[in-house]
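# Examination of the molecular architecture
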Amino acid sequence: MPIIVSFVLLGIGILALVLRRDLVIKLLALGLINGSSILFLVGIGNRPSARAPIHVPGEVATFVDPLPQALVLSAIVVNFAILALALVFVMILVERYHTTDAVRIEVETSRESEEEETPCL
Amino acid sequence: MPLILLPLLRFLIAVLSISIARARRPLAVVSHAVDAAMLAWLAASLARGTPVGWTLGSGSAGIGISMTGDRIGMTFAALAWGLSLAVNVYIWRDRLRPYFFLLVHLLVGACYAVSFTQDLFNAYLLFELLTLVSFLLVGYERRPRQIWASLRYLILSSFGMSVFLFGVGIVYAHCGTLDVGVLRPLIAASAGEPWVLLAAALLTTGIGVKAGVFLFSLWLPAAHARAMPAVSALLSGVVIKMGVLELFRLADVFPLRLPLIVLGSITGILGIAYAVTVHDIKKMLAFHTLSQIGYVLIGFGADTPVARLGALTYAVAHGLFKALLFLSAGDASAHVGSADDRTLTEHKARIPRATRIALAVGVLGIVGLPPLAGFDAKAILEDGLSSLGPRIIVWLLSIGTVLSFAKFVPFLFARSTVRAERPRACAYAWLGGLIVAFWPVSVLMTSVPLCLAALGGMHLIESLGSLLAGAGLYMLVRRRTLRLPQAIFRLEESPLIILLGFFLVFVLLFISGSAG
Amino acid sequence: MISRRGWVIGSVGLVVLFVVLLSFTYMASYPEPGDSARYLAIPLEDSGAANRVAGIYLNTRLFDTLIEILVFSVAVLGVRYYLSHSPQVSLPSLSESAVVRTAAGILGPLALLLSAYFATFGHISPGGGFAAGVIAASAVLYVAIAQGMQATERRLPPQRVATAEKAVLLFLLAWVFLPLAFGRAPLSELLPRGTPGQLLSAGSILPYNILIAVKVFLGAWLVIAAFAQHRGEL
């Protein structure tokens, strides 16, 4: 069940990435796509009526698969790093062009000729 | 043990470069020397027939991370070493912050690790590291076009890697391991099941975004064209090859023959088509990277050992001449002030002589003039292709390459008024020398009989024929303009085209599964 | 060329087809729980950590964690590089509401305590170095809201924090270097495995967790401080 939800979230994320023109919304959509892949991984490790993979001395229990959770820890940190840097770049572009509209930024960057480019910031 | 020391030492030197700012240049020299020693030792073990391995994690195979110093890995690690040496020499006198050196060292270390790693999730993390570092390198000069291009790169790459992660999850759920070597028999045992098709399609789509396959890597022309020349050389020369390498490792596990051939053909033909139409030489070189990756994919899809070796040799050769072309084209456009080939022809006296010679060597290499690098590799590749379809495509690509590079010819011959700086000339000499004297390198990589066959008469006739045909076509189409859709490279369309590519791969896998 | 409406319908159709294909193919060959039991079967004495997940990412797959730390460090360095070119701004206070400032002053130390718990008990209960580091950085953010950014920056000057971060990164690299390169190395056997479930168990995993927590805290705080310094707002 969480697996189907992760597929649907992936679809919603892709649609938002494509259909919305605002750069910040695009980054949120990217975050949603990343989150859906993380949900998928955690859902893969699920076992029926199992507990968290932590040994309590004196108890014997079935555990969920610990590997996807370890993978997901790394994936979350990496996604955080990517979103942070993407936000910094969006901030730079917004300061330069005074708009968050991706289509307008595309038009503005192709209009400026290469010789007259000055560094942002 | 040296397998893990290669990336670890590079990471250590990267962090030291930014902690002790003064030592960054000597540290670069030391790192190259140490890496050369370790690579030589690894190559010697490979030649003796016992490739070096390294595992982290205990117990049975399939737990933990393992690395192997096999032929594919050694090839690309050596390529990474050679190109990073050239780039470090090129930027020797430029005023660059320690942060830049940190990024380059991390990039090379990650390339070493990707070359050897056999674990799928480890490859995912290393690719994310490569993405971040490439993104920061492209945006280093903080110009708006670079920032916009690298932002698009980051978004599409992160999307592609999430799709890759879906594939990794499916593979793990069914097989319980992430190690490519352990996966191979497990997947072969359940070939044809729906989940294998789905996982293969997702993994290929994810890696295709990084590997320079046309439908997936639509960010590539803008990002590689607008970056600094040294950065473009590294990205086109090495980082793209890392994606191709991972595609090869996947092709060993999943039945990716037909998708590779079809994707390779599409990439090659569309790459050439776009390359012919642009006038910005850096953008043209970026489109060319896409089309040359097409060669490599076709070679690997053909699945005969000779074709594989040819594809590997071509990947190395392409890394060399693409890096040389980017370095010299960047230098030339810096001297003239524009990257448009018509402006370059107008002001051709301002291009230094060393740069022009470097450009000439690069162009001759890429069009396949015997006996330079491109000719050797293409010949070995063609020897391995048995069916007619791929052969025709490879011929078309050769002619197309000549056609698109013909526009370089006008500004290659002139009397220069400027001299090139010494570091740049040394970098050109290193790369150019390797291209011209490529025959010994290809003998090292393949074997003497193959290389002798490559110099055979049929190949000489083919290459000269394609040179003439390409030159003739250029004369014909010089005045015409071709309009190709430029909208597919925008951020709105690219994810949808990636999805279309996924469907294509899925359908191809289905066809080849039910036919074979 | 294509109208906006056609564009929307086309993309929705394509994505719906994609999701349906994924779901049906996945459901058609549903994996058995027994297919992936290798990592569950690792004996407890291998890492000595009662928290199986910590035993995996700090012992069996240590290389992945190293790359993840490098990714995080590169991100911090990148943010500082780009923001260092933007002009510095100073704000009188981060929040104008007295309620927010008082509440933040109470919550800050509590969050810091929670972060210390996660870092030191990460190997025997849920938690771990990364979560601990991020919680610590937000705890210091609460303190900054309560006391004001200037006072916090006097106690944690950004230059010193940056140097400390690089030093911790070098130390961490050195500490993981030996186990990665040489397998069981003397330095990693420095701390005994102990009995799982005790605080002093699991070998090097406890110091790794603490080091990672410190590193992530310093890095995340640098990012927050950079935004506050150069943009004037968070």
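Given the structure is predicted, the values throughout are model-derived calculations rather than measurements.

## Looking at the overall build of chain B
- When you go through chain B residue by residue, the secondary structure sums to 22 helices and two strands.
- Relative to the 2.2 N^0.38 estimate, which gives 24 Å for 516 residues, the radius of gyration of chain B is 22 Å and therefore close to what a compact globule would have.
- Once the C-alpha set of chain B is aligned to its principal axes, its extents read approximately 65 × 55 × 50 Å.
- Residues counted as buried form 65% of the 516 residues belonging to chain B.
- Within chain B, contacts between residues separated by at least 24 positions form 81% of all contacts whose residues are at least 6 apart in sequence.

## What to know about unusual backbone geometry
- Even without glycine at this site, H98(A) takes up a positive phi of about 60 degrees.
- Turning to its location among the elements, H98(A) is positioned in the loop between α3 (66–97) and α4 (102–111).
- For H98(A), a count of 9 C-beta atoms within 10 Å gives the class exposed.
- The phi torsion at R142(B) lies on the positive side, around 60 degrees, for a residue other than glycine.
- We classify R142(B) as partly exposed; it has 18 C-beta atoms within 10 Å.

## Comments concerning the packing of helix α4 (residues 98–116) of chain B against helix α5 (residues 120–138) of chain B
Residues and elements named next belong to chain B.
- Interaxial distance between α4 and α5 falls to 9 Å at its minimum, and their mutual angle equals 155 degrees. Of the possible angle classes, the one that applies to α4 and α5 is roughly antiparallel. Here α4 and α5 pass one another in a crossing that is left-handed. Here L103, L106, L107, A110, A113 and V114 of α4 lie close against α5, whose contacting residues are A123, L126, L129, L130, V133, L136 and L137.

## Things to note about the packing of helix α11 (residues 257–277) of chain B against helix α12 (residues 281–301) of chain B
Residues and elements named next belong to chain B.
- The N-to-C vectors of α11 and α12 enclose an angle of 155 degrees; their axes lie 7 Å apart at closest approach. In terms of their interaxial angle, α11 and α12 are classed as roughly antiparallel. α11 and α12 meet at a crossing whose hand is left-handed. Contacts between α11 and α12 pair R257, L260, I261, L263, G264, S265, T267, G268, G271, I272, Y274 and A275 from the former with M284, F287, H288, L290, S291, I293, G294, Y295, L297, I298, F300 and G301 from the latter.
- Of the residues in the contact of α11 with α12, the class split is 14 nonpolar, nine polar and one charged.

## As for the environment of P87(C)
All names here are of chain C.
- Within the fold, P87 resides in the loop between α3 (62–83) and α4 (98–120).
- Taking the C-beta count within 10 Å as the criterion, P87 has 9 such neighbours and is therefore assigned exposed.
- In sequence terms P87 and Q229 are 142 residues apart; their C-alpha atoms lie 8.7 Å from each other.

## Quick word on helix α7 (residues 180–189) of chain B
All names here are of chain B.
- Among all positions in α7, only V180, V182, L183 and I187 are buried. The buried residues of α7 occupy an angular sector of 145 degrees when projected down its axis, which confines them to one face. Those residues of α7 that are exposed and angled more than 90 degrees off the buried face are P185, A188 and A189.
- At its buried positions, α7 is contacted by α5, α6 (144–175), α8 (194–211) and α10 (229–253).

## Digging into the interface of chain B and chain C
- Listed per partner, the contact involves 41 residues of chain B and 38 residues of chain C.
- Contributions of two or more residues to the side of chain B that touches chain C are made by α1 (2–19), α4, α5, α6, α8 and α22 (494–515) of chain B.
- In terms of residue count, α5(B) provides more of the side of chain B that touches chain C than any other element does, nine residues in total.
- Considering only residue class, the side of chain B that touches chain C consists of 28 nonpolar, ten polar and three charged.

## A closer look at the confidence of the model for chain B
- Averaged over all residues, the pLDDT of chain B is 85; the fraction at 70 or higher stands at 97%.
- Of all helices and strands in chain B, the one with the weakest mean pLDDT is helix α20 (residues 448–454) of chain B (69), whereas α5(B) scores best (94).

## Notes on the environment of G105(C)
- Inspection of the secondary structure puts G105(C) in helix α4.
- Residues G105(C) and Y117(C), spaced twelve residues apart in sequence, show a C-alpha to C-alpha distance of 20 Å.

## Considerations on the pairing of strand β2 (residues 65–68) of chain B
Residue and element names in this part refer to chain B.
- Here β2 shows a buried face lined by I65 and M67 and a second buried face lined by S66 and T68.
- Of the pairings in the sheet, the one linking strand β1 (residues 53–56) to β2 comprises four bridges and is antiparallel in character. When the sheet's bridge partners are listed, W54 is paired in β2 with M67.

## Remarks on the nonpolar core
- The biggest cluster of nonpolar side chains holds 326 residues, and the ones touching the most others in it are L106(B), L129(B), L132(B), V133(B), L324(B) and V71(C).
- For this core, the leading source of residues is α6(B), giving 20 residues.
- Every residue in contact with V133(B), bar those within four places of it in the chain, is listed here: L103(B), L106(B), L107(B), A110(B) and V74(C).

## With respect to the confidence of the model for chain C
- On average, residues of chain C score 82 in pLDDT, and 85% of them reach the 70 mark or higher.
- The least confident element of chain C is helix α6 (residues 149–155) of chain C, whose mean pLDDT is 83; the most confident is α3(C), at 92.

## With respect to α5(B)
- For α5(B), which comprises 19 residues, the first-to-last C-alpha distance of 26 Å matches the rise-based estimate of 27 Å (1.5 Å per residue) to within 8%.
- Where burial is concerned, most of α5(B) is hidden: 19 out of the 19 residues are buried.

## Describing the environment of L70(C)
- Position of L70(C) among the secondary structure elements: in helix α3.
- When the 24 C-beta atoms within 10 Å are taken as the criterion, L70(C) is described as buried.
- Between the alpha carbons of L70(C) and T120(C) there is a distance of 22 Å; along the sequence they are 50 residues apart.
- In this structure, L70(C) is in contact with F11(B), L106(B) and L129(B), ignoring residues within four places of it in sequence.

So, how was this worked out
- Residues numbered from 1 in each chain as written.
- Chains lettered and ligands numbered in written order.
- Predicted model: local features only at pLDDT ≥ 70, side-chain atom pairs only at ≥ 80, totals over all residues.
- Helix = DSSP H or I, 4+ residues; strand = E, 2+ residues; numbered from the N terminus.
- Rg over C-alpha atoms; globule rule 2.2 N^0.38 Å.
- Buried ≥ 20, exposed ≤ 12 C-beta atoms within 10 Å, placed from the backbone.
- Contact = placed C-beta atoms within 7 Å.
- Axes fitted to C-alpha atoms, helices over the stretch in contact; angles between N-to-C directions.
- Parallel < 35°, antiparallel > 145°, perpendicular 65-115°, else oblique.
- Left-handed = near helix turned anticlockwise from the far one by under 90°.
- Nonpolar A, V, L, I, M, F, W, Y, C, P; charged D, E, K, R; others polar.
- Arc of directions from axis to C-beta.
- pLDDT = per-residue confidence, 0-100.
- Pairing = 2+ DSSP bridges.
- Core = buried A, V, L, I, M, F, W, Y, C linked by C-beta atoms within 7 Å.
- Expected span 1.5 Å × (residues − 1).

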